[in-house]
Amino acid sequence: MPVLHLVIPFLNEESTLNTIVDRLQACQWPEGWAASVVLVDDGSDEKASRASEDLAEARNSLDLRLIRHDVNRGKGAALRTGPAFFHDAARGGEAGQRKARGQALGRHDDIRL
């Protein structure tokens, strides 16, 4: 089955994350396709971090993962983190094993770049 991999980097965007994820859940993917979404928290404050954690836990109908940078590393780093997760998952690395067990990733350090 083909999979569309989506990377959504954010920094302190708790007010818009729900809307974005709601719209993704409402999407009608082409027949036979699936979507896998990685939210990359690029060092958000506590309020945004908590909101993104709650969001990731509540979205069971969407393959949604949350990866967190401990500090802001910039948009470029956040954009590279998502594909690194998918690449590692495809190779059966630590991130892939966690995904296969249905566990969400916590910290950015969980991924070998």
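Residues numbered from 1 in each chain as written. Predicted model: local features only at pLDDT ≥ 70, side-chain atom pairs only at ≥ 80, totals over all residues. Heavy atoms only, no water.

Undergrad: What's the story with the nonpolar core in this structure? I'm lost.
TA: Grouped together as the largest cluster of nonpolar side chains are 13 residues, with contacts concentrated most on L24, V37, L39 and L64. Every element with two or more residues in this core is listed here: β1 (3-10), α1 (14-26), β2 (34-42), α2 (46-58) and β3 (63-69). Discounting residues that sit within four places of it in the chain, L24 has contacts with L6, I8, W29, V37 and L62. Counting residues in each nonpolar core, the second largest holds six residues, with V38, A78, F85 and F86 among its members. (Core = buried A, V, L, I, M, F, W, Y, C linked by side-chain atoms within 4.5 Å. Buried < 20%, exposed > 50% of the residue type's maximum accessible area, 1.4 Å probe, protein only. Helix = DSSP H or I, 4+ residues; strand = E, 2+ residues; numbered from the N terminus. Contact = heavy atoms within 4.5 Å.)

Undergrad: Help me out: how do you make sense of the sheet that holds β2 in this one?
TA: To summarise the sheet geometry, strands pair through backbone hydrogen bonds and adopt either a parallel or an antiparallel arrangement. Strand order in the open sheet formed by three strands is β1-β2-β3, with parallel pairing between adjacent strands. The open sheet has two free edges, formed respectively by β1 and β3, since each of these has just one partner strand. Strand-to-strand twist of the sheet, defined as the mean angle between neighbouring strand axes without regard to direction, takes the value 20 degrees. Most of the contacts of α1 go to β1, to which it runs at about 170 degrees, and overall it touches β1, β2 and β3. Against the sheet, α2 touches β1, β2 and β3, its axis set at about 155 degrees to β3. (Pairing = 2+ DSSP bridges. Axes fitted to C-alpha atoms, helices over the stretch in contact; angles between N-to-C directions.)

Undergrad: In this structure, what is going on with the environment of A56? I would like to understand it.
TA: Within the secondary structure, A56 is located in helix α2. For A56, a relative accessible area of 15% translates into the label buried. Residue contacts for A56: discarding those within four places in its chain leaves L64 and L66.

Undergrad: I'm lost on the environment of F86 in this one. Help?
TA: Assignment of secondary structure puts F86 in helix α3 (residues 75-90). The class for F86 is buried, based on a relative accessible area of 10%. The spatial distance from the C-alpha of F86 to the C-alpha of V37 is 9.8 Å, given a sequence separation of 49 residues.

Functional significance is not addressed by these values, which are geometric in nature.
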